[in-house]
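The chain contents come next:
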Amino acid sequence: VQLQASGGGLVQAGGSLSLSCAASGWNFRSYTIAWFRRTPGKEREFVAARKGNGGGTWFADSVKGRFTISRDNAKNTVYLQMNSLKPEDTGVYYCAASARVINSAVMSPDQYQSWGQGTQVTVSS
């Protein structure tokens with residue numbers, strides 16, 4: 001089980017970035033994929049998640065209305081589209097995968113067994 005995150009970079013406030021998380025080695029379609037971030041001075045925090053097999057999506061309150069999460073099962077890839085970026089979105093973004101997670105725990109990093117290496121997102125003011 002391997003995850004490869006990409007797409008980070010430097011963008012001005014109000015701009016957009018799209019992150020990708022490519023997976024290999026397992027039944028991607030059924031897994032829940034989530035994005036977390038580690039921002040300066042904060043612990044790792046949940047950003048967004050999308051369940052497999054047509055399940056639901058979740059977003060942190062801080063990104064609702066600005067970020068979307070989608071998946072392309074044919075490409076074993078999950079995307080995080082980030083719009084209207086703010087300086088406080090700056091951080092290292094990680095994708096993670098879970099074979100089984102209940103809805104009430106989808107925001108907990110402890111529920112995810114596999115993690116990508118992280119990609120840096122920097123939003124300048």
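Residues numbered from 1 in each chain as written. Predicted model: local features only at pLDDT ≥ 70, side-chain atom pairs only at ≥ 80, totals over all residues. Heavy atoms only, no water.

Notes on the sheet that holds strand S1 (residues 2-6)
- With antiparallel pairing, four strands are arranged side by side in an open sheet as S1-S3-S8-S7. Taken across any chain shown, the strands that pair with only one partner, and hence form the sheet edges, are S1 and strand S7 (67-72). Ignoring strand direction, the axes of neighbouring strands in this sheet form an average angle of 15°.
- With six bridges joining them, strand S3 (residues 17-24) and strand S8 (residues 77-82) adopt antiparallel strand pairing. From the neighbouring strand, Leu17 faces S8, where its bridge partner is Met82. (Pairing = 2+ DSSP bridges. Helix = DSSP H or I, 4+ residues; strand = E, 2+ residues; numbered from the N terminus. Axes fitted to C-alpha atoms, helices over the stretch in contact; angles between N-to-C directions.)

Overview of the side chain of Thr119
- By secondary structure assignment, the location of Thr119 is in strand S11 (residues 119-124).
- A distance of 3.1 Å separates a polar atom in the side chain of Thr119 from the backbone nitrogen of Gly8. (Polar contact = N/O pair within 3.5 Å; in protein donor to acceptor, adjacent residues only side chain to side chain.)

Details of the state of the cysteines
- Per the counting criterion, the structure on display carries one disulfide.
- Residue pairing for Cys21: its cysteine sulfur links by disulfide to Cys95, the two sulfurs lying 2.2 Å apart. Sign of the S-S torsion, about 75° for the bond between Cys21 and Cys95, identifies this disulfide as right-handed. Of this pair, Cys21 sits in strand S3 while Cys95 sits in strand S9 (residues 91-98), placing them 74 residues apart in sequence. The same class applies to Cys21 as to Cys95, namely buried. (Disulfide = S-S within 2.5 Å. Buried < 20%, exposed > 50% of the residue type's maximum accessible area, 1.4 Å probe, protein only.)

Purely geometric stuff here, so don't read any function into it on its own.
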